[in-house]
Amino acid sequence: MRFSFYLILVLFFISCGSEKSVTIGIQPFGDIDKKYISLVKEGLDSIYRFKIVVLNNIDLPESTFTTVKSPRYRADKLIKYLKETKSDSVQYVIGLTGKDISTTKKDSQGKPKKPESKYSDWGIFGLGYRPGPSCIVSTFRLNHSNKTIFYDRIKKVAAHEIGHNLGLKHCTSGMNCLMKDAVESIKTVDDEIFDLCSSCRSKI
């Protein structure tokens with residue numbers, strides 16, 4: 001009985017250690033509010049239980065700026081930039097900005113979705129490689145007069161994008177898992193629970 005207890009204890013500490021061996025870096029861009037950084041850190045720690053570190057603020061790269069429709073930053077270029085500049089001390093890096101971000105929305109064949117005039121530079125909440133080492137989240141389209149809703153959105157979108165980095169696809173279960181596809185609506189994010197369904201959790 002005593003041996004079994006110690007074995008369980010050892011396995012517990014090994015499990016905890018393996019979780020903390022993965023480090024996620026939060027990369028703040030520009031003058032992003034420190035409150036939002038804290039929310040992302042809190043949310044990621046709650047869902048994934050990895051080590052979370054906050055990196056020094058840097059400016060958004062000028063090479064990612066676009067004015068195709070309005071002044072924005074290309075999310076696809078930002079995650080590429082984060083991937084290429086990521087420190088070896090972190091396995092994943094999530095960029096956080098208050099500026100609007102966009103990407104080219106594509107169909108199931110990987111071609112620009114029609115009409116291209118609408119989807120060639122499509123404003124989004126966040127974007128991440130699946131799988132891959134980097135993602136980006138913008139608070140620009142998440143704002144709400146109700147701070148509780150606004151803060152929940154930030155945490156949900158951040159956890160969603162890191163989920164993609166870890167290899168998770170958009171969830172198709174009947175539950176309101178945070179890996180659900182937003183299907184171009186912030187209401188989808190609001191309806192999600194702040195948790196992974198059992199199917200998604202089993203994959204990471």
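Below you will find a few notes about this structure. This structure is a prediction, so every number in the text was calculated from the model and none was measured. (Residues numbered from 1 in each chain as written. Predicted model: local features only at pLDDT ≥ 70, side-chain atom pairs only at ≥ 80, totals over all residues. Heavy atoms only, no water.)

The next thing to look at is the overall build of the protein chain. A tally of helices and strands in the protein chain yields seven helices and nine strands. For 204 residues, the compact-globule estimate of 2.2 N^0.38 gives 17 Å, and the C-alpha radius of gyration of the protein chain, at 18 Å, lies within 12% of that figure. Across its three principal directions, the C-alpha atoms of the protein chain cover 70 × 40 × 35 Å. Here the protein chain holds 204 residues, and the buried ones make up 42% of them. Charge centroids of the protein chain, computed over 32 positive and 22 negative side chains, lie 3 Å from each other. (Helix = DSSP H or I, 4+ residues; strand = E, 2+ residues; numbered from the N terminus. Rg over C-alpha atoms; globule rule 2.2 N^0.38 Å. Buried < 20%, exposed > 50% of the residue type's maximum accessible area, 1.4 Å probe, protein only. Lys, Arg positive; Asp, Glu negative; His and termini not counted. Charge placed at Lys NZ, Arg CZ, Asp CG, Glu CD.)

This part takes up the pairing of strand S9 (residues 134-138). For a regular strand, side chains alternate in direction, first toward one face of the sheet and then toward the other. Of all five residues making up S9, five are buried, and the element is well covered by its neighbours. Taking every second residue as pointing to the same face, both faces of S9 are buried, with Ser134, Ile136 and Ser138 on one and Cys135 and Val137 on the other. Summarising the sheet, strand S5 (residues 92-97) and S9 pair through five bridges and their orientation is parallel. Opposite Gly95, over in S9, you have Ile136 as the bridge partner. Connecting strand S8 (residues 126-128) to the antiparallel partner S9 that follows it, the hairpin turn spans five residues. (Pairing = 2+ DSSP bridges.)

Okay, helix H2 (residues 34-48) next. Taking 1.5 Å of rise per residue, 15 residues should cover 21 Å, and H2 covers 21 Å from first to last C-alpha, within 8% of that figure. When we look at burial in H2, the residues that qualify are Tyr36, Ile37, Leu39, Val40, Gly43, Leu44, Ile47 and Tyr48. Buried positions in H2, seen along its axis, are confined to an arc of 160° and lie on one side of it. The inward-facing, buried residues of H2 contact strand S1 (23-28), strand S2 (51-54), S5, helix H5 (147-165) and helix H7 (198-201). (Expected span 1.5 Å × (residues − 1). Arc of directions from axis to C-beta. Contact = heavy atoms within 4.5 Å.)

With respect to burial, S1 is a largely interior element, six of its six residues being buried. The side-chain alternation of S1 yields two buried faces, one formed by Thr23, Gly25 and Gln27 and the other by Ile24, Ile26 and Pro28. As paired strands, S1 and S2 are joined by four bridges and run parallel to one another. Paired with Ile26 across the bridge in S2 is Val54.

Before going further, it helps to examine the side chain of Asp100. Relative to the helices and strands, Asp100 resides in the loop between S5 and strand S6 (101-103). Judged by relative accessible area, Asp100 falls into the buried class, the value being 6%. In this structure the side chain of Asp100 is engaged in a polar contact, spanning 3.1 Å, whose partner is the side chain of Arg72. Separated by 2.9 Å, the side chains of Asp100 and Arg141 make a polar contact. Those residues within four positions of Asp100 in sequence are excluded, and the remaining contacts are Ser70, Pro71, Arg72, Tyr73, Ser138, Phe140 and Arg141. (Polar contact = N/O pair within 3.5 Å; in protein donor to acceptor, adjacent residues only side chain to side chain.)

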